[in-house]
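A look at the structure
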Amino acid sequence: MALLTTFQSWLESMPYQPFLVLCILFASLILFITEKFSVDLVALLVLLALLVTGLVPDRDILDGFSSPATITVACMFILSAGLQRTGVVRWIAQTIGIVAGKGRGRLSLVLQTTCGAMSAFINNTAAVAVLLPVTMSLAKERGINPSKILMPLSFAAQFGGTCTLIGTSTNLLVNSLAKDAGLRGFNMFEFTELGLICFAVGTLYMLMASRFLLPERTDADAIEKEYGLKDYLTEMRVMKNSPLIGQTATDSDLKDIGGGTKVLEIIRDGKMIWAPGSTVIKQGDVLLMRCDVNALIEAADRLKLENWAEHKLGESHAKSHDVGLAEVIVPHQSRLVGRTLAQLDFYWRYHAAVLAVRRRGTVLNQRLSEVRFEIGDTLLLQGHQTDLAHLSAEKDFILLQSLSDLRLRKNRAIMAMGIISGVVGLSAIGVAPILTMALIGVAAMIISRCLTVNEAYEAIDMKVIVLLAGMIPLGYAMSHTGTAGMIVDFVLGAIGKNPTAAVAAIYALTMVLTAVISNNATAVLLAPIAISTATKLGVSPTPFLVAITFAASTCFTTPVGYQTNTMVYGPGGYKYTDFVKVGLPLNLLLFGVTVFLIPLFWPFHP
């Protein structure tokens, strides 16, 4: 009660501007947490609020778009894409099978090590996207449940991201914010020692967690059972005098049934007609339909249809002849996000039919035509094998199967590796700042034709860029209006003036906020507070900023707190509580390790 009274008195004594900044800050946190709007839209609303209230001058309001952090992050998206497009990352991923052995423990260790090493230098979401299908394939070959190795894969990507300056966008962002505040930045491998310790601790923990804590919930072969295909796929035979005779599959009385009824295939005289949109229905045809089965049964007498298979559709039939099934994940940059099948004109765009959608471990039973896709949704598709294979080249999907059509463009691959090595090496020895080297690297990728200009543009995650550009001015407002200092006074009044306790508080607050809002937004909001805390304590701000980079780059407690967690959520068959059960102890373990070691690597009084 005393703490609440102190807080209220502190709030009432604040000047006008800091109060406005706090209102904007809390409003943005609520919008981030409730997910009423996308993160980039929230950032733009923050930008607008700062402009309208005059908290940030007109001339500075768009500085976030030209910030070194924003430009460098955009460049790293492009450089990562260069390695992907030339086949380097896939080649590395597919060589895992050679050294992975047959046991679960060795496979998990090799996958975590590979993923962590890749994530230290390329976008960790890209690393997981490439390794996911390989991991699923290796698990199936060895009879290992995917749920035992996918969560460790996601966490390893986060471990790896903490090892270098370019490992995550958060590292680059905090580095830029430090320089903007007149502090020294971080060098390329400054985080490496602590990062490797956290990597080792986290990997050992996950090897034990894989054995004792992770569930065995998903049977990779039980597609029919997993998605409940029998609930809305059925075969019906067209009887004599049916009103459907003479009508086409897409323009028939079937559309009156509702429920998103669609004829996927016609079996006529033992032959299959796939995607029979303009095919005229004849007596004796067997129609394979996706529909609301109950509604179809009610209309069967009127349409003179008979149930052709009491058992409905089995997986063996769905995969017969040249028609197959494939699972895909909707990644964060996909055009599917926020749109429906009708808006996408899905079949004509991708030449595949959506049979089912699984979201956060649950199969959606609503009309598929009305589903708005979200990041991390797993789609079960049916189509010709050749069309399904082409999905691996689509940036809108992550295809959950081994990619047999790997193309390593050898000359371009060597060039891409050389460019990345040059960017990392030359910036590490101080030849030029990371921003300069990243821009040179992007130009080299395009000039050497490792990427086209269009591919470079497509590689940039604009949501992240807009988020950074919109939130950086909020950090500016917190610093220049004294809001950060006032928050620090309140916090230090509660915890005392012990620097180690203050670092622990900053780490804990970052860890909690990252679980519910964007890690980059968390870093922008807390960096000014961290710097002000160090200033008031009369110590170096570096330990506080390092605490933010590590805490914001490692979120294990929720499946939605970090993009890689969302990506493995569906394929692993996890429940929300699985992340809490496995991830919370890991977060607490790394909290203890990091808070203890940070003052040793970065002393408070250098």
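Residues numbered from 1 in each chain as written. Predicted model: local features only at pLDDT ≥ 70, side-chain atom pairs only at ≥ 80, totals over all residues. Heavy atoms only, no water.

Looking now at the overall build of the protein chain. Summing up its helical and strand segments, the protein chain has 28 helices and ten strands in all. Counting all 606 residues of the protein chain, 57% fall into the buried class. Carbon and sulfur atoms provide 59% of the accessible area of the protein chain, an area that totals close to 25200 Å². (Helix = DSSP H or I, 4+ residues; strand = E, 2+ residues; numbered from the N terminus. Buried < 20%, exposed > 50% of the residue type's maximum accessible area, 1.4 Å probe, protein only. Areas by Shrake-Rupley, 256 points an atom, 1.4 Å probe, with all protein chains shown as cover.)

This part is about the packing of helix H8 (residues 104-119) against helix H10 (residues 150-161). Where H8 meets H10, the axes come as close as 7 Å, and the angle between the chain directions of the two elements is 35°. Between H8 and H10 lies a crossing whose hand is right-handed. Judged by residue contacts, Ser108, Leu111, Gln112, Cys115, Gly116 and Ser119 of H8 engage Pro152, Leu153, Ala156, Ala157, Phe159, Gly160 and Gly161 from H10. (Axes fitted to C-alpha atoms, helices over the stretch in contact; angles between N-to-C directions. Left-handed = near helix turned anticlockwise from the far one by under 90°. Contact = heavy atoms within 4.5 Å.)

This brings us to helix H20 (residues 434-447). Spanning 14 residues, H20 covers 20 Å between terminal C-alpha atoms, matching the ideal 20 Å at 1.5 Å per step. Positive phi shows up at arginine 449, right after H20, with a value of about 65°. (Expected span 1.5 Å × (residues − 1).)

It is worth spelling out unusual backbone geometry at this point. Although it is not a glycine, asparagine 241 sits at a positive phi angle of roughly 70°. By the element assignment, asparagine 241 lies in the loop between strand E1 (233-238) and strand E2 (262-268). In this structure, lysine 304 takes a positive phi of about 55° despite not being glycine. In this structure, lysine 304 sits in the loop between helix H14 (293-303) and strand E5 (305-307). In this structure lysine 304 comes out as partly exposed when scored by relative accessible area, which is 34%.

In this section: the nonpolar core. Core analysis: the biggest nonpolar cluster contains 149 residues, and Met206, Met471 and Phe544 have the highest contact counts within it. With eleven residues, helix H25 (residues 519-537) is the largest single contributor of residues to this core. Methionine 471 has contacts with Phe32, Ala43, Val46, Ala521, Val524 and Leu525, leaving out every residue within four places of it along the chain. The next biggest cluster of nonpolar side chains, apart from the first, holds 20 residues, and it includes Leu336, Val354, Leu391 and Leu399. (Core = buried A, V, L, I, M, F, W, Y, C linked by side-chain atoms within 4.5 Å.)

A residue-level look at the protein chain finds 87% of positions with pLDDT of 70 or above and a mean pLDDT of 82. Across the protein chain, element-level confidence peaks in helix H26 (residues 542-552) with a mean pLDDT of 95 and bottoms out in helix H15 (residues 315-318) with 46. Segment residues 309-319: pLDDT under 50, and 25 contacts once partners within four positions in sequence are set aside and those in other chains are kept. Confidence over residues 402-406 falls short of pLDDT 50; this stretch has twelve contacts with residues more than four positions distant or in other chains. (pLDDT = per-residue confidence, 0-100.)

Let's shift gears to the pattern of salt bridges. The tally for this structure, following the rule as stated, stands at seven salt bridges. Residue glutamate 327 pairs with arginine 358 through a salt bridge whose shortest N-O separation is 3.5 Å. With glutamate 327 in strand E6 (residues 323-329) and arginine 358 in strand E7 (residues 353-359), this residue pair connects regions lying 31 residues apart in the sequence. Arginine 359 is the partner of aspartate 377 in a salt bridge, and the nearest nitrogen-oxygen pair spans 2.8 Å. One end of the pair, aspartate 377, is in the loop between strand E8 (362-363) and strand E9 (378-384); the other, arginine 359, is in strand E7, and 18 residues separate them in sequence. Put simply, Arg359, Glu374 and Asp377 are held in one network by salt bridges that share partners. (Salt bridge = Lys/Arg side-chain N within 4 Å of Asp/Glu carboxyl O.)

Moving on, we come to the packing of helix H2 (residues 16-34) against helix H23 (residues 483-495). Between two packed helices, the angle of one axis relative to the other and the distance separating the axes together describe the packing. The contact between H2 and H23 brings their axes to 9 Å, and the two run at 80°. The angle between the axes of H2 and H23 places the two elements in the roughly perpendicular class. Contacts between H2 and H23 involve Pro18, Val21 and Leu22 from the former and Thr483, Met486 and Ile487 from the latter. When its residues are assigned to classes, the contact of H2 with H23 shows five nonpolar, one polar and no charged. (Parallel < 35°, antiparallel > 145°, perpendicular 65-115°, else oblique. Nonpolar A, V, L, I, M, F, W, Y, C, P; charged D, E, K, R; others polar.)

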